[in-house]
Amino acid sequence: MTKNTAATITLDLDNGSQLSFAVERQHYIAFVNSAGKNAYNAMNNLLAASVTDDSRELLTELQKNPANVSELAGELLEMYKPDIAVAVKKRNG
């Protein structure tokens, strides 16, 4: 069984405030599984599920603007994903 540890990620906002998240594997999997059905809800749910208690009030305020949801979720996913390089070889035929 895989140990479920959270990746702690802090996003610095241009107004000087910070949002902190504790992203767990299950949060990411739930996001991927639901993104095809409704991308906005998937992003919103990812943020809500992984935000830390000390950042919840600020996140709730920011979620009132849908553009913030996609921007924050995009940054969070970028920081969460592993840093690997993938090269695709050309197929023959």
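The structure contained in this document is the topic of the report that follows. (Residues numbered from 1 in each chain as written. Predicted model: local features only at pLDDT ≥ 70, side-chain atom pairs only at ≥ 80, totals over all residues. Heavy atoms only, no water.)

### Things to note about the overall build of the chain
And step 1. Along its length, the chain carries four helices and two strands.
And step 2. Listing the helices and strands of the chain from first to last along the sequence gives β-β-α-α-α-α.
And step 3. The C-alpha extent of the chain, read off along each of the three principal axes, is 55 × 30 × 25 Å.
And step 4. Within the chain, the fraction of its 93 residues that count as buried is 28%.
And step 5. Partitioning the intrachain contacts of the chain with sequence separation of at least 6 by distance along the chain shows that 52% fall at a separation of at least 24.
And step 6. In the form shown here, the chain has an accessible surface area of approximately 6,900 Å², with 50% of it arising from carbon and sulfur atoms. (Helix = DSSP H or I, 4+ residues; strand = E, 2+ residues; numbered from the N terminus. Buried < 20%, exposed > 50% of the residue type's maximum accessible area, 1.4 Å probe, protein only. Contact = heavy atoms within 4.5 Å. Areas by Shrake-Rupley, 256 points an atom, 1.4 Å probe, with all protein chains shown as cover.)

### Observations concerning the environment of V86
And step 1. Turning to its location among the elements, V86 is positioned in the segment after α4 (66-80).
And step 2. Owing to a relative accessible area of 68%, V86 belongs among the exposed residues under this scheme.
And step 3. Expressed as a C-alpha distance, the spacing of V86 and Y40, which sit 46 residues apart in the sequence, is 27 Å.

### Side note on the pattern of salt bridges
And step 1. Evaluation of the coordinates by the stated rule reveals three salt bridges.
And step 2. For the salt bridge of D53 with R56, the shortest nitrogen-to-oxygen distance reads 3.7 Å.
And step 3. Close ionic contact of K81 with E78 constitutes a salt bridge, the shortest N to O distance being 3.7 Å.
And step 4. By relative accessible area, E78 is classed as partly exposed at 47%. (Salt bridge = Lys/Arg side-chain N within 4 Å of Asp/Glu carboxyl O.)

### With respect to the pairing of strand β2 (residues 18-23)
And step 1. As defined by bridge partners, strand β1 (residues 7-12) adjoins β2 across six bridges and the pair is classed as antiparallel. Following the sheet pairing, L11 is matched in β2 by L19.
And step 2. Once β1 ends, the chain turns through five residues before running back antiparallel as β2, passing G16 with a positive phi of about 95°. (Pairing = 2+ DSSP bridges.)

### Considerations on the nonpolar core
And step 1. L19, F21, F31, L47, L59, L72 and L76 are the most contacted members of the largest nonpolar core, which totals 19 residues.
And step 2. Only β1, β2, α2 (39-50), α3 (56-62) and α4 provide two or more residues apiece to this core.
And step 3. It is α4 that contributes the most residues to this core, five residues altogether.
And step 4. Residues within four places of L72 in sequence aside, it is in contact with L11, L13, L19, L47, L59 and L62. (Core = buried A, V, L, I, M, F, W, Y, C linked by side-chain atoms within 4.5 Å.)

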